[in-house]
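If you want the building blocks of each chain, they are given just below.
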Amino acid sequence: MPILERYLGGIIAQYTLVALLGLLGLFVFANFLDQLSDLGRGRYGVLDALWYIALTAPRTAYELLPMATLLGAIIGLSLLAGDSELIVLRASGVSLPQITVAALKTAGLFVIAAVLIGELIAPQSEIRAQRGRAEALQRDIKQHTHFGLWMRDAGTYVNIGEVLPDLTVRRVKLFQFSPDRKLRALVFAEHGEFAGDHWALSEVRETRFTPGGGVETAHRDTRPWRTSVTPQILSVFLLRPGQLSMWQLRRYIRHLADNRQQTRPYELAFWNKLMLPLTVAVMVALAVPFVFANLRSGTLGRSVFAGILLGLGFYAASRGFGYIVLAYGLPPLLGATLPLVAFLLLALVMMRRIN
């Protein structure tokens, strides 16, 4: 069995990489076309777009891995079937579960790689990508990981500590300067929300510096802040579920709950990441009986084509059902598991029919 596992594993790994690179190329090209509409805005140019696409590629590869493992396993096993190698294996006493286990061991290596990409590489590269794109599109806004957003609004320098999912802001600081560049006032607000044509700041502490060198401090429940910065502009700096690792998602979900914010999109992202190993295993387990079922009818070309449609179907189903779950208030765990359970049942039914 070790020789069989290495042989099957090598074939499946080779074509999984081929499938992953092919899918990644298609999605990267589509992403590039999507960026063309923003070229010329602010200082966003071709190099900025290419850098953005390169930095978002790890997240795209992470999301495409289940589909790539399904396609890689189907293509690899179909080629073995075309050379009658699978028939020889079955005739020599190798069972379908043994072939499945050998394929799953190879899938385990891809799961380890995906976890490393999804938890260590993709979150950092995604944040850098979104930050660089947003700063290129909006010249007057700068984002720093630990110091929030910085912008200039006429004679006022603004620092926003955090943009929440409902596009309210927290920890707003306004540094107001006189024409001769002397600090006139410092305004700090704990919260802020957009009220039609201005921001309504709450829990405000205002410190003014008089010409004689004195300091005046006042506290207000609310204070208007009129600026050209709208929630739509700030939305590009909002933390997105795909930017975060699992432990970051858990912390951020608790943080949003403490601030009475919507947490369900982030919960869905958390469960999807947690289910990734099982998703890859189900895709490989489905590929084995899928190839053997088509082997009997002798239509291997159709098997590969149907496998591509099956992989795209899973990708579309998992994405689409996630949106349905969020739209209709269903539990996020259901959105992450239902497409997976459906494909697992399909794999079990196909295995039972073949055996």
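Quick caveat: nothing in here was measured; it's all calculated off a predicted structure.

## Quick word on the overall build of the chain
The helix and strand inventory of the chain stands at ten helices and seven strands. Its C-alpha atoms give the chain a radius of gyration of 27 Å, clearly above 20 Å, the size a compact globule of 355 residues would have. With the C-alpha coordinates aligned to their principal axes, the bounding extent of the chain is approximately 95 × 40 × 35 Å. Scored against the burial criterion, the 355 residues of the chain give a buried share of 45%. When contacts within the chain are restricted to residue pairs at least 6 apart in sequence, long-range pairs at least 24 apart make up 62% of them. Approximately 18300 Å² of the chain is accessible, and the part contributed by carbon and sulfur atoms is 63%. In the chain, the 35 positive side-chain charges and the 24 negative ones have mean positions that sit 4 Å from each other.

## Let's talk about helix H10 (residues 332-354)
Taking 1.5 Å per residue, 23 residues should reach 33 Å; H10 reaches 35 Å between its end C-alpha atoms and fits that length. Its maximal kink placed at leucine 338, H10 deviates by approximately 30°, while the proline proline 339 follows within four residues. Those residues of H10 that fall on the buried side of the exposure criterion are Pro332, Gly335, Ala336, Thr337, Pro339, Leu340, Phe343, Ala347, Met350, Met351 and Ile354.

## With respect to the pairing of strand S2 (residues 148-153)
Two elements, S2 and strand S3 (residues 156-163), share five bridges in a ladder whose sense is antiparallel. Bridge pairing links methionine 151 to valine 158 in S3.

## A closer look at the pattern of salt bridges
Applying the stated rule across the entire model yields twelve salt bridges. Residues arginine 59 and glutamate 63 are paired through a salt bridge, measuring 3.3 Å at the closest nitrogen-oxygen approach. Taken together, the residues arginine 59 and glutamate 63, both in helix H2 (residues 46-82) and four residues apart, mark about one turn of the helix. A relative accessible area of 27% means that glutamate 63 is categorised as partly exposed. A salt bridge links glutamate 206 to arginine 223; the shortest N-O distance between them is 3.6 Å.

## Details of the packing of aromatic side chains
Considering all chains together, one arrives at eight aromatic pairs under this definition. Taking the centre distance of 5.7 Å and the plane angle of 85° together, the rings of tyrosine 157 and phenylalanine 177 count as edge-to-face. Here phenylalanine 177 lies in strand S4 (residues 169-177) and tyrosine 157 lies in strand S3, a separation of 20 residues in the sequence. A relative accessible area of 27% places phenylalanine 177 in the partly exposed class. Their ring planes at 35° and their centres at 6.3 Å tell us that tryptophan 199 and tryptophan 225 sit as a pair that is tilted. Of the two residues, tryptophan 199 is situated in strand S6 (residues 199-209) and tryptophan 225 in strand S7 (residues 215-225); the sequence distance between them amounts to 26 residues. Site record: aromatic cluster; members linked through ring pairs are Phe194, Trp199 and Trp225. Its end group placed over the ring of tyrosine 52, arginine 133 keeps NZ or CZ at 5.6 Å from the ring centre. The ring of phenylalanine 270 is capped by arginine 250, whose NZ or CZ atom sits 4.9 Å from the centre of that ring.

## Some points on the nonpolar core
A general tendency of soluble globular proteins is for nonpolar side chains to be buried together. Core analysis: the biggest nonpolar cluster contains 46 residues, and Leu8, Leu77 and Leu86 have the highest contact counts within it. Here the element with the most residues in this core is helix H8 (residues 276-297); it accounts for twelve residues. Not counting chain neighbours up to four residues away, the residues in contact with leucine 86 comprise Leu77, Leu80, Ala81, Val291 and Phe292. Within the second largest apolar cluster, 19 residues are counted, among which are Val163, Val172, Leu201 and Leu238.

## Comments concerning the pairing of strand S5 (residues 183-194)
Examined bridge by bridge, S4 and S5 share eight bridges and lie antiparallel to one another. Looking at S5, one finds that leucine 174 is bridged to valine 187. For S5 and S6, the ladder comprises nine bridges, and the chain directions are antiparallel. By the bridge assignment for S6, histidine 191 is matched with serine 202.

Cut-offs applied
- Counting starts from 1 at the beginning of each chain's written sequence and moves along it residue by residue.
- Since the coordinates come from a predicted model, pLDDT governs what is reported: local features require at least 70, and pairs of side-chain atoms require 80 or more to be given and counted, while whole-chain, interface and lining totals use all residues.
- Excluded from the side-chain calculation are hydrogens and water; included are all heavy atoms of the structure.
- Secondary structure follows DSSP: runs of H or I at least 4 residues long count as helices, runs of E at least 2 residues long count as strands, and numbering of each begins at the N terminus.
- Throughout, the radius of gyration refers to the C-alpha atoms, and the reference size of a globule is 2.2 Å times the residue count to the power 0.38.
- Only protein chains enter the accessibility calculation, which uses a 1.4 Å probe; a residue is then buried when its area is under 20% of its type maximum, exposed when over 50%, and partly exposed in between.
- Contact criterion: two residues are considered in contact whenever any of their non-hydrogen atoms come within 4.5 Å of each other.
- Using a 1.4 Å probe, accessible areas were evaluated by the Shrake-Rupley method; residue-level cover was limited to the displayed protein chains.
- Counted as positive: Lys and Arg. Counted as negative: Asp and Glu, with His and the chain ends omitted from the count.
- One atom stands in for each charge, and that atom is NZ of Lys, CZ of Arg, CG of Asp or CD of Glu.
- Expected helix span is given by 1.5 Å per residue-to-residue step, counting one fewer step than there are residues.
- Note on bend: at a given residue it equals the angle between the axes fitted to the 7 residues ending there and to the 7 starting there.
- Two strands pair if DSSP finds at least two bridges between them.
- Only one rule defines a salt bridge in this text: a Lys or Arg side-chain nitrogen within 4 Å of an Asp or Glu carboxyl oxygen.
- Ring pairs shown here join Phe, Tyr and Trp side chains whose ring centres sit within 6.5 Å, with only the six-membered ring taken for Trp; geometry is labelled stacked below 30 degrees between planes, edge-to-face above 60, and tilted in between.
- A ring has a charge above it when a Lys NZ or an Arg CZ is no more than 6 Å from the ring centre and no more than 35 degrees off the ring normal.
- We define a nonpolar core as any set of buried Ala, Val, Leu, Ile, Met, Phe, Trp, Tyr and Cys residues linked to one another through side-chain atoms lying within 4.5 Å.

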